[in-house]
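Working through the structure, step by step
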Amino acid sequence: MKSDLKNVTIIGSGAWGSALATLVQTNQHHVQIWSRQSQLSLAEMVSNSDAIVSAVSIKGVRAIAEKLQTAKLQPHTVLVSATKGLEPVTRQTPSQIWRSLIPDHPLVVLSGPNLSKEIMMGQPAATVVASTEASAAQFIQNIFASRNFRVYTNSDPIGVELGGTLKNVIAIAVGACDGLNLGTNAKSALITRSLIEIIRVGVYFGAQPETFWGLSGLGDLLATCNSNLSRNYQVGYAIAQGLSLEEAIANVQGTAEGVNTANVLIEISDREKISVPVSRYVYRLLKGEITLQQAVEGLMERDLKPEN
Ligand SMILES: NC(=O)C1=CN([C@@H]2O[C@H](COP(=O)(O)OP(=O)(O)OC[C@H]3O[C@@H](n4cnc5c(N)ncnc54)[C@H](O)[C@@H]3O)[C@@H](O)[C@H]2O)C=CC1
Ligand SMILES: O=C(CO)COP(=O)(O)O
């Protein structure tokens with residue numbers, strides 16, 4: 001193997017883990033995917049890894065990080081978190097879980113407008129790799145960047161991570177808006193007002209507001225709210241067609257993280273008194289507290305206020 005070629009382990013063989021593995025392979029790096037079905041233990045597989053990329057859904061992040069805590073890693077191994085979710089009990093982001101359990105390795109968040117099916121088809125896309133350690137972000141940038149995948153570095157990992165996580169709740173709202181055929185004006189208003197509430201939550205977590213104007217914020221919000229490839233969008237759309245939440249989830253292939261994220265986000269915003277009206281209506285809709293029609297009316301009839 002050429003010395004500039006790296007050993008990369010991807011954890012999670014779902015849609016995103018598989019797409020990320022394909023991207024790494026494009027650059028001739030040696031890539032292996034670990035899943036719960038693998039013959040080798042995770043510890044055996046990662047022992048010689050230059051980078052370990054976690055692409056499991058939020059419910060698996062802590063278990064994976066705990067497994068890696070006891071594994072013997074190379075001192076230089078960079079950890080990459082590609083999950084978009086919030087942990088229910090601790091309300092932590094994936095990178096906060098990784099940082100608390102494995103503090104001694106450089107940590108990079110990878111997030112952006114990256115619908116895995118488009119990436120698998122070789123269509124052009126861009127993403128962001130963010131870390132407080134610039135060299136770690138650059139290292140991961142070089143592993144993933146290719147002719148069809150443009151990778152930017154960023155120094156605000158929590159902002160990059162929350163853009164990808166919080167837009168999943170909004171994609172449910174926009175899927176429902178499209179499912180009801182409410183029109184382009186309604187959809188544009190919903191997306192734009194939602195970005196403001198995403199930024200409010202992001203600032204509470206310590207993120208930089210301007211991060212949310214970039215690829216991992218507005219970029220991912222637009223991708224997810226404009227594509228029926230998005231599982232979260234599909235959930236909202238299906239509810240607008242009259243399906244129950246359970247039926248909508250069952251119809252989706254893979255994980256729609258926005259359903260769990262809505263629960264955790266509302267707990268946080270209740271506790272911290274953060275105004276998140278769109279996400280709150282999504283939460284109430286998913287809980288069965290209101291109908292979709294009541295959600296639309298509720299959003300339109302809120303007290304009048306200045307835009308900013
Ligand atoms: N599919 C996409 O287009 C993108 C997905 N993401 C994010 O990546 C994450 C994974 O998404 P997908 O791959 O699409 O979902 P998926 O449902 O296709 O795959 C999830 C994977 O996580 C694994 N997993 C769950 N719990 C686990 C545990 N305890 N131990 C080991 N593995 C476990 C599952 O076995 C499965 O392989 C989500 O947070 C999602 O929001 C991010 C960008 C794009
Ligand atoms: O995060 C994604 C695109 O960037 C994928 O969105 P879904 O999880 O809604 O499919």
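Parameters and conventions
Residue numbering note: each chain is counted from 1, following its sequence as written. Chain letters start at A and ligand numbers start at 1, both assigned in the order the entries are written. Side-chain atom pairs in this predicted model are given and counted only at pLDDT of 80 or more, local residue features only at pLDDT of at least 70, and totals for whole chains, interfaces and linings cover all residues. Side-chain measures here rest on the full set of heavy atoms in the structure, leaving out hydrogens and waters. UniProt positions are given in the numbering used here, feature names are shortened, and annotations may be inferred rather than shown by experiment. The helix count covers DSSP runs of H or I at least four residues long, the strand count covers runs of E at least two residues long, and both are numbered beginning at the N terminus. Buried, partly exposed and exposed residues are distinguished by accessible area as a fraction of the type maximum, computed with a 1.4 Å probe on protein chains only: under 20%, between the cut-offs, and over 50%, respectively. Note on contacts: a residue pair is in contact if any heavy atoms of the two residues lie within 4.5 Å. Within 3.5 Å is the distance limit for a polar contact, defined as a pair of N or O atoms, with the added protein rule that one can donate a hydrogen and the other accept it, and that residues adjacent in sequence qualify only through two side-chain atoms. Paired strands, in this sense, are two strands between which DSSP finds at least two bridges. A cutoff of 4 Å decides nearness: a residue is near a molecule or strand if any of its heavy atoms lies inside that distance of it. For the accessible areas, the method is Shrake-Rupley and the probe is 1.4 Å, while residue cover comes only from the protein chains on display. Here the term charged refers only to Asp, Glu, Lys and Arg, the term nonpolar to Ala, Val, Leu, Ile, Met, Phe, Trp, Tyr, Cys and Pro, and the term polar to all other amino acids, Gly among them. To define a nonpolar core, start from buried Ala, Val, Leu, Ile, Met, Phe, Trp, Tyr and Cys residues and group those joined through side-chain atoms within 4.5 Å.

With an unreviewed UniProt entry as reference, the protein is termed Glycerol-3-phosphate dehydrogenase [NAD(P)+], source organism Phormidium tenue FACHB-1050. Recorded under Pathway (unreviewed entry), the UniProt text for the protein is reproduced unchanged: "Membrane lipid metabolism; glycerophospholipid metabolism." For the record of the protein, the UniProt heading Subcellular location (unreviewed entry) holds the text "Cytoplasm".

**Let's talk about unusual backbone geometry**
Unlike most non-glycine residues, Q28 shows phi in positive territory, near 70°. Here Q28 lies in the loop between α1 (15–26) and β2 (30–34). A relative accessible area of 58% places Q28 in the exposed class. Of note in the backbone geometry, K273 takes a positive phi value of approximately 55° without being a glycine. In this fold, K273 is placed in the loop between α12 (258–272) and α13 (277–286). K273 sits in the exposed class, given a relative accessible area of 74%.

**Re the UniProt feature "binding site: sn-glycerol 3-phosphate" (unreviewed entry) in the protein**
What UniProt calls "binding site: sn-glycerol 3-phosphate" (unreviewed entry) maps, in this numbering, to K84, G112, K167, D220, S230, R231 and N232. With respect to the helices, strands and loops of the structure, K84 is situated in the loop between β4 (78–81) and α4 (94–101). Among the residues examined, K84 registers a relative accessible area of 15% and is labelled buried. Excluding its chain neighbours within four sequence positions, the residues that come into contact with K84 are S111, G112, G164, T165, K167, N168, D220 and E257. Of the polar contacts made by the side chain of K84, one reaches the backbone oxygen of G112; its length is 3.1 Å. For S230, the location among the structural elements is in the loop between α9 (215–225) and α10 (231–240). Dropping the residues within four chain positions of it, S230 is found in contact with L115, A171 and T224. Polar contacts involving the side chain of S230 include one to the main-chain amide nitrogen of N232, which spans 3.3 Å.

**Describing the pairing of strand β1 (residues 7–11)**
With respect to burial, β1 is a largely interior element, five of its five residues being buried. Residues of β1 alternate between two faces, with N7, T9 and I11 on one and V8 and I10 on the opposite face, all of them buried. Here β1 runs beside β2; their pairing, made up of five bridges, is parallel. Across the sheet, V8 pairs through a bridge with V31, a residue of β2.

**Observations regarding the site of ligand 1**
Looking at ligand 1, there are 20 residues lining it, with W16, K84, S116, T255 and E257 nearest. Separating an oxygen atom of ligand 1 from a side-chain N or O atom of R231 is a distance of 2.9 Å. Against a free-state accessible area of 830 Å², the protein chains account for coverage of 87% of ligand 1. Put simply, the parts of the chain that give the shell around ligand 1 at least two residues each are α1 and α3 (58–69).

**Observations concerning the site of ligand 2**
Close contacts around ligand 2 come from K84, G112, P113, N114, L115, K167, D220, T224, L229, S230, R231 and N232, and that covers them all. A distance of 2.8 Å separates an oxygen atom of ligand 2 from a polar side-chain atom of K84. Separating an oxygen atom of ligand 2 from a side-chain N or O atom of R231 is a distance of 2.4 Å. In isolation ligand 2 has 310 Å² of accessible area, and contact with the protein removes 91% of it. Counting residues per element, the ones that place at least two in the shell around ligand 2 are α9 and α10. A per-class count over the shell around ligand 2 returns three nonpolar, five polar and four charged.

**Focus: the nonpolar core**
Counting residues in each nonpolar core, the largest one holds 49 residues, and the members touching the most others are V235 and L286. Those elements that place two or more of their residues in this core are α7 (157–179), α8 (184–204), α9, α10, α11 (245–251), α12, α13 and α14 (292–300). Ranked by residues supplied to this core, first place goes to α7 with 11 residues. When sequence neighbours within four positions are dropped, the list of residues in contact with V235 reads L245, A248, V252, A256 and V259. Core analysis: the second largest hydrophobic core is formed by 27 residues, A19, V31, V80 and A82 among them.

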